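Coordinates in review
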Amino acid sequence: MEFGYVRVSTSTQKIDRQLEEMHKLGLNDERIFIDYQSGKDFKRKNYQRLLKKLKKNDLVVVKSIDRLGRNYTMIIDEWRYITQTKEADIKVVDMPLLDTRTEGKNLVGKFISDVVLQVLSFVAQNERETMKQRQAEGIRCAKERGVRFGRPETILPKNFDEVCRLYCKGLITNYAAVRTLGMKRGTFFKYLKMYKDGSLVQKSQYHTWPKKLPKCAEKGD
């Protein structure tokens, strides 16, 4: 029996072109399994339903290899499971060489498919490594040009020092402190802690904090 497998990453993407290919091959909707899910792994509801139905000499049809999955290492494992454990066949419409069906005792179809899949896996892995290398080189060059990564540096109000001193002396509440500074409560306490232990080295809107600030007396809310 022949089955079709169709996959898109989200429910907003269209499956029309994939379905059209399945219908051209004579597959009706009852034998087409559809998943609206990422191809990062094979834990997909309808794909798993398809595997349970597969029997020896059945055929799984996909429009392109990336509809089966996007991780070639995992695809190869799944390919072997279907063709060797399940003893079923796979046909990839967009790549005729990926068709494991054989005639009689001729094993050329399976052999060529396995070789092509291994080549595709190598190319995909090489592309990933090249991309990572280019990204690393790009980051290094950007840093050499003075580009800074990560969150932008927090700009503290010029009266942060004064408000911290008043709060630590118990002259104002934390509510008054955050309102005066126009800061969120969590942000205020984050930098207050740094202020207390003398580790705050931060540019304000008008000046740079000294490397070491005098500690103030501890006080709760």
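The following paragraphs examine the structure supplied in this document.

The rules we used
- Residues numbered from 1 in each chain as written.
- Predicted model: local features only at pLDDT ≥ 70, side-chain atom pairs only at ≥ 80, totals over all residues.
- Heavy atoms only, no water.
- Pairing = 2+ DSSP bridges.
- Helix = DSSP H or I, 4+ residues; strand = E, 2+ residues; numbered from the N terminus.
- Right-handed = clockwise from strand over helix to strand, strands pointing away.
- Phe/Tyr/Trp six-rings, centres within 6.5 Å; stacked < 30°, edge-to-face > 60°.
- Lys NZ or Arg CZ within 6 Å of the ring centre and 35° of its normal.
- Buried < 20%, exposed > 50% of the residue type's maximum accessible area, 1.4 Å probe, protein only.
- Polar contact = N/O pair within 3.5 Å; in protein donor to acceptor, adjacent residues only side chain to side chain.
- Arc of directions from axis to C-beta.
- Contact = heavy atoms within 4.5 Å.

1. Focus: the pairing of strand β2 (residues 32-36)
Judged from the 5 bridges that link them, strand β1 (residues 2-8) and β2 form a sheet pairing that is parallel. Bridged to V8 within β2 is Y36. Running through helix α1 (residues 16-24), the crossover from β1 to the neighbouring parallel element β2 is right-handed.

2. Section: the packing of aromatic side chains
Under the definition given, this model contains 7 aromatic pairs. Ring geometry for Y167 and F189: centres 6.1 Å apart, planes at 80 degrees, overall edge-to-face. Of this pair, Y167 sits in helix α6 (residues 160-168) while F189 sits in helix α8 (residues 185-197), and the two are 22 residues apart along the sequence. Here the basic side chain of R44 rests over the ring of Y47, its NZ or CZ set 5.5 Å away from the ring centre.

3. Things to note about the side chain of D99
Positionally, D99 belongs in the loop between β4 (89-92) and α5 (108-144). Using a relative accessible area of 16% as the deciding quantity, one classes D99 as buried. A polar side-chain atom of D99 sits 2.7 Å from a polar atom in the side chain of R101.

4. Focus: helix α2 (residues 45-53)
Taken together, the buried positions of α2 are N46, Y47, L50 and L51. An end-on view of α2 places all buried positions within 150 degrees of arc, on one side of the element. Pointing more than 90 degrees away from the buried face of α2 are the exposed residues K45 and K52. Structurally, α2 contributes buried residues whose contacts are with β1, β2, β3 (59-62), α3 (65-68) and α4 (72-85).

By themselves, these observations are geometric and do not establish any function.
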